[in-house]
Amino acid sequence: MRTTPRVAAIHDLSGFGRCSLTIVMPVLSAMGVQCCPLPTAYLSTHTGGFTGNTFVDLTDQMAAAMDHWLGLGLTFEAVYTGFMGSCRQMALCRSFLTALREKTPPLVVVDPVMGDHGRLYRTYTPEMCRAMADLAAEADVIVPNRTEAARLLDRDYDSLPDEAAGETVQALSLGGRRSVVLTGVSLQPGKTGAACFDRETGQVALIQTDFAGRAFHGTGDLFASVLTGALVRGETLCQAAERAAEFVRLCALHTTPQDLPPREGVDFEPLLGLLAPERS
Ligand code: PXL
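Reference entry: report on the structure contained in this document.

What counts, and where the lines are drawn
Residues numbered from 1 in each chain as written. Predicted model: local features only at pLDDT ≥ 70, side-chain atom pairs only at ≥ 80, totals over all residues. Heavy atoms only, no water. Pairing = 2+ DSSP bridges. Helix = DSSP H or I, 4+ residues; strand = E, 2+ residues; numbered from the N terminus. Axes fitted to C-alpha atoms, helices over the stretch in contact; angles between N-to-C directions. Parallel < 35°, antiparallel > 145°, perpendicular 65-115°, else oblique. Left-handed = near helix turned anticlockwise from the far one by under 90°. Contact = heavy atoms within 4.5 Å. Buried < 20%, exposed > 50% of the residue type's maximum accessible area, 1.4 Å probe, protein only.

## Description of the sheet that holds strand β5 (residues 55-57)
Across a sheet, paired strands are connected by hydrogen bonds in the backbone, their directions being either parallel or antiparallel. Strand order in the open sheet formed by three strands is β2-β4-β5, with mixed pairing between adjacent strands. Single-partner strands in this sheet number two, and they are β2 (13-16) and β5. Across the sheet, the mean angle separating the axes of adjacent strands is 10° when strand polarity is ignored. With three bridges connecting them, strand β4 (residues 41-45) and β5 associate as antiparallel partners. Each bridged residue has a counterpart across the sheet, and for Tyr 42 the counterpart in β5 is Val 56.

Shown next as structure tokens:
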């Protein structure tokens, strides 16, 4: 009997500048979770803070890989999606989920990656944002930042202040049907964290940890990866979000004194051991 949880991770692979699959894969492995990557694109670097990156679209490969996996009868405890390169990729994810649900429905975690700090990433068009909202409608859990929350709700970034994060997560829950973890919520100076709406309990929880003083690229991916790993290990939404917030805090604390360019992300590799499951 298989005991290791298995996650299909549908994200881009960016060779340099820790984000997406270069975070998802090591984090899930360190947590004792099997990660099956389904790359949406290969980029030489991510697009936040680098210019001139290469971009190879892997949509056709995605379709073929999904068919192959379905043909093999594979089941996944979770499907975790992130950065998408086109509307067609999001439509493919949706049909993959429909097919998987016929057999063993996975937990669906959608990080609706579209932008940050009030701005969309430059590869995202309004049509892609609508397709992301459609994909997110299929999720059991979404993990937006404030920029993405504003897009999903069709609201202004400024109309969703952190003090109202409790209302924001409720508004994003589609009437209580999906759980929401809003990241990057700061309720006082020097703090950062998340607001959670758990559809199992109907409760809102606010999590705050110390902010390391600098923002780094890819911390959203790090947070959502730990969250997904903890969820498939059986933790509640709130426990999983607390674990994720604490790991990101420790990684940022470890990275800040090194004075590395923020676009290179957090130096999480030396801390991966902290995520290992306890062995009985
Ligand atoms: O971390 C989000 C992300 C993922 N993938 C790519 C990106 C970004 C953000 O810039 O460019 C390719």
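## Examining the packing of helix α7 (residues 219-232) against helix α8 (residues 237-255)
The geometry of α7 relative to α8 is characterised by a closest axis approach of 8 Å and an angle of 140° between their N-to-C directions. For the element pair α7 / α8, the angle class is oblique. The hand of the α7/α8 crossing is right-handed. Residue-level inspection shows Thr 219, Leu 222, Phe 223, Val 226, Leu 227, Ala 230 and Leu 231 of α7 in contact with α8, the latter providing Leu 237, Ala 240, Ala 241, Arg 243, Ala 244, Ala 245, Phe 247, Val 248 and Cys 251.

## Comments concerning the pairing of strand β11 (residues 179-183)
A large share of β11 lies buried, amounting to five of its five residues. The alternating pattern of β11 places Ser 179, Val 181 and Thr 183 on one face and Val 180 and Leu 182 on the opposite face, and all of these are buried. Bridge analysis of strand β10 (residues 141-142) against β11 gives two bridges, and the strand direction is parallel. In the sheet register, Ile 142 faces β11, and the bridge partner there is Val 180. In this sheet, strand β12 (residues 191-198) lies alongside β11 in antiparallel orientation, the contact comprising four bridges. In the sheet register, Thr 183 faces β12, and the bridge partner there is Ala 194.

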